[in-house]
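# Structural description and commentary
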Amino acid sequence: AYIVSGKLHYLAFWPEAASWNALLRSLFDELQIPHNDTGPDLRLVSSEGMMFAFNYGPDTEDLAARGLGPAGGAWLIGSAELPPAGVAIWKVDEP
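Figured I'd write up the structure that's included with this text. On a predicted model such as this, the values are computed, not experimentally measured, just so you know. (Residues numbered from 1 in each chain as written. Predicted model: local features only at pLDDT ≥ 70, side-chain atom pairs only at ≥ 80, totals over all residues. Heavy atoms only, no water.)

### A closer look at the nonpolar core
Listed in full, the 8 residues of the largest apolar core are Leu 42, Met 51, Ala 53, Leu 63, Leu 68, Leu 82, Ala 88 and Trp 90. At the level of secondary structure, the elements contributing two or more residues to this core comprise strand E4 (50–55) and strand E8 (87–91). In contact with Leu 63, not counting residues within four places along its chain, are Leu 42, Ala 53, Leu 68, Trp 75, Ser 79, Ala 80, Leu 82, Ala 88 and Trp 90. (Core = buried A, V, L, I, M, F, W, Y, C linked by side-chain atoms within 4.5 Å. Buried < 20%, exposed > 50% of the residue type's maximum accessible area, 1.4 Å probe, protein only. Helix = DSSP H or I, 4+ residues; strand = E, 2+ residues; numbered from the N terminus. Contact = heavy atoms within 4.5 Å.)

Spelled out as structure tokens, the structure:
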């Protein structure tokens, strides 16, 4: 069961990955929270005005195709083509 009462959302089960992702995407959209589906291998961390991207997968990740990277700026480390076990860092404006 999935029950919603005001701001409270209650799941009475543990959904499989696709259902869980769909539910979270829907909630983020409803709450106007920016999100990016990075898949199972790409991790993003934002800290002190910088975004860090880590590729834990066996394939190169195209960050630009995911809408990631410096907006008109330069890469501090790496590039839009993030190789396996690669790291990329760029500056971001934090609210």
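Next comes the rest of the account.
### Some points on the sheet that holds E4
If you trace the 4 strands from one edge of the open sheet to the other, you get E3-E4-E8-E6, paired in antiparallel fashion. Every interior strand has two partners, whereas the edge strands, strand E3 (42–47) and strand E6 (75–77), have only one. The sheet shows a mean angle of 25° between the axes of neighbouring strands, taken without regard to direction. Here 6 bridges tie E3 to E4, and the two strands are oriented antiparallel to one another. Within the sheet, the bridge partner assigned to Leu 42 lies in E4 and is Asn 55. (Pairing = 2+ DSSP bridges. Axes fitted to C-alpha atoms, helices over the stretch in contact; angles between N-to-C directions.)

The quantities given are spatial measurements derived from coordinates; they are silent on function.
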